[in-house]
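Analysis of the macromolecular model
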Amino acid sequence: MAGGNLYKLLTIKKLNITTFITGVYPIKLHYQGAVMLAIGCLISCILVFMLLYMLYKNIFESKHDKWRLISDLLIQKAVFLDEEEGENTTIPVTSRAKKLLRSRHFRRLLMQEIMLAKKNISGTSSDNLIKLYKQLRLDKYALSNLKSRFWHIKAKAVQELTVMEMKEYVEQIFSLTNHPNELVRMEAQTAIVQFDGFDGLQFLDTITYPISDWQQIKLLQQLSTAAPTEINIDNWLQSTNSSVVAFALKFARKYNRFEAHDTIIQCLDHTKSQVRLEAIHCLSEIYTEETASELMSRFMKENIKHQVAIVKAFENIGSEDDIPFLVDLLDNKNNEIKINAARALIKIGKSGLNSLNNHVEAVGYPLNEMVMQIKGELAA
């Protein structure tokens, strides 16, 4: 009887397990099928997208090639316009080109082609491209882009107006010289200096954002081709914008503004380290009899980098009165200071050289080897 009950119990459990398996397995198969279907649909969508993209790309490239041909023809007409035809002659523009000008994509392509051609030619042909640019009223589109809320569109518009020599828009571009975006500021500042030369630096009176070191160098390079004019830099040297002060110091150094010497001396006490360093470099070329004492009085207050710059300055401004100061520096812990002090003593002349030799005899190694190396360099 007990064996029969056990048999019935095992049979019931077997049936329950079989029912569970047969119930779950179809669900599992259904789930796998749904996943495979989803993957298949995804692959199909990707293939359709790729086919549509390739089709669009081919159509766009074909259209782009036609646009480029139309642009090239327009530019050729302008470049080869007969000079004898006069300034009032209108450059012929086809009706199709006029219609395409409504498309900002075509205008962008045309503008790129005109700017590229403008950068590579000069004279009458260059003037004719400017004429074409105005005739197509492309400057009006650039002017509207100056008001864009996107910084990259503003910067590109400034660059475009600069290349095309649209000096009539100086006021609109000037307002961007203190724009929050650095690239927009740089393009605007570059444009103003290109249009007005030294007078274009007037934006230094009002800007509050910093001028990067690269931009300072770029502006000075631009000025090298401009006609020199008298310009007061005292306000820049006393500006609350430290980057303006740094630029003014570079400017004074390059253009030998000796009349600004006293104001430059004040920059030695500026709170910004970079400004003080620029002032030291500047005073190495713009100096008076008092410059050396001003630098010596600040030597101990400065860091190593500035101290080295001060000692290097004495190679140009040093005199016999400065020999004791330079001889003391031969015992400095910093080898760069020692070497530059020795160079300065040699450049002072015979008295400086004698003082150097006497000190070397007293100290010996390693100063004697340093001095021999310096003398060899100067002799070469």
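This write-up is about the structure you can find in this document. Computed from a predicted model, the values in this text were never measured in an experiment.

The rules behind each value
Residues numbered from 1 in each chain as written. Predicted model: local features only at pLDDT ≥ 70, side-chain atom pairs only at ≥ 80, totals over all residues. Heavy atoms only, no water. Helix = DSSP H or I, 4+ residues; strand = E, 2+ residues; numbered from the N terminus. Buried < 20%, exposed > 50% of the residue type's maximum accessible area, 1.4 Å probe, protein only. Contact = heavy atoms within 4.5 Å. Expected span 1.5 Å × (residues − 1). Salt bridge = Lys/Arg side-chain N within 4 Å of Asp/Glu carboxyl O. 1 Å grid on protein atoms, 1.4 Å probe; cavity = no way out; pocket = protein on both sides within 12 Å on 5 of 7 lines; lining within 4 Å. Points joined across faces, edges and corners; volume = space filled by probe spheres on them. Nonpolar A, V, L, I, M, F, W, Y, C, P; charged D, E, K, R; others polar.

A word on the overall build of the protein. Secondary structure summary: the protein contains 19 helices and zero strands in total. Every one of the 380 residues in the protein was classed for burial, and the buried ones make up 41%. Within the protein, counting contacts between residues at least 6 apart in sequence, those at least 24 apart form 67% of the total.

This part takes up helix 4 (residues 123-135). Under the 1.5 Å per step criterion, the end-to-end length of helix 4 is 19 Å for 13 residues, consistent within 8% with the ideal 18 Å. Every buried residue of helix 4 is listed here: Ser 125, Ser 126, Asn 128, Leu 129, Ile 130, Lys 131, Leu 132 and Tyr 133. Downstream of helix 4 by a residue or two, Arg 137 has a phi angle that is positive, lying close to 60°.

Turning next to the side chain of Ser 71. For Ser 71, the location among the structural elements is in helix 1 (residues 2-79). Accessibility expressed as a relative area gives 0% for Ser 71, which makes it buried. Those residues in contact with Ser 71 that sit more than four places away from it in its chain are Phe 106, Leu 109, Leu 110 and Glu 113.

Here the focus is unusual backbone geometry. Look at Arg 137: it is not a glycine, yet its phi comes out positive at around 60°. Relative to the helices and strands, Arg 137 resides in the loop between helix 4 and helix 5 (138-145). The residue Asn 256 is not glycine, and still its phi comes out positive at about 50°. Tracing the chain through its elements places Asn 256 in the loop between helix 11 (242-254) and helix 12 (261-266). Judged by its relative accessible area of 44%, Asn 256 is partly exposed.

Let us look at the environment of Asp 234. With respect to the helices, strands and loops of the structure, Asp 234 is situated in helix 10 (residues 234-237). For the pair Asp 234 and His 261, spaced 27 residues apart in the sequence, the C-alpha separation amounts to 10.0 Å.

Taken as a whole, this structure holds eleven salt bridges when the rule is applied. The closest approach of N and O atoms between Glu 113 and Arg 68, which form a salt bridge, is 2.7 Å. Residue Glu 113 is located in helix 3 (residues 104-120), and its partner Arg 68 is located in helix 1; the two are separated by 45 residues in the primary sequence. On the basis of relative accessibility, which here comes to 14%, the residue Glu 113 falls in the buried class. Note that Asp 196 is salt-bridged to Lys 167, the shortest N-O span being 3.5 Å. Note that Asp 196 is positioned in helix 8 (residues 182-196) and Lys 167 in the loop between helix 6 (151-163) and helix 7 (170-174), a separation of 29 residues in sequence. Residues joined by salt bridges that share partners form a network here, namely Asp 269, Glu 294 and Arg 298.

Looking now at helix 13 (residues 273-283). Across the eleven residues of helix 13, eight count as buried, placing the element largely inside the fold. All buried positions along helix 13 are accounted for by Val 275, Arg 276, Leu 277, Glu 278, Ala 279, Ile 280, Cys 282 and Leu 283. Looking at the buried side of helix 13, the elements it contacts are helix 11, helix 12, helix 14 (291-299) and helix 15 (304-317).

In this structure, the largest pocket encloses a volume near 430 Å³. Along the wall of the largest pocket there are 16 residues; nearest its centre are Arg 104, Arg 108, Asn 145, Ile 153 and Glu 160. At the level of secondary structure, the elements contributing two or more residues to the lining of the largest pocket comprise helix 3, helix 5 and helix 6. Tallying contributions element by element places helix 3 first for the lining of the largest pocket, with six residues. Looking at the lining of the largest pocket residue by residue, the classes come out as seven nonpolar, four polar and five charged.

In short, the description is geometric, and any link to function would need to be established separately.
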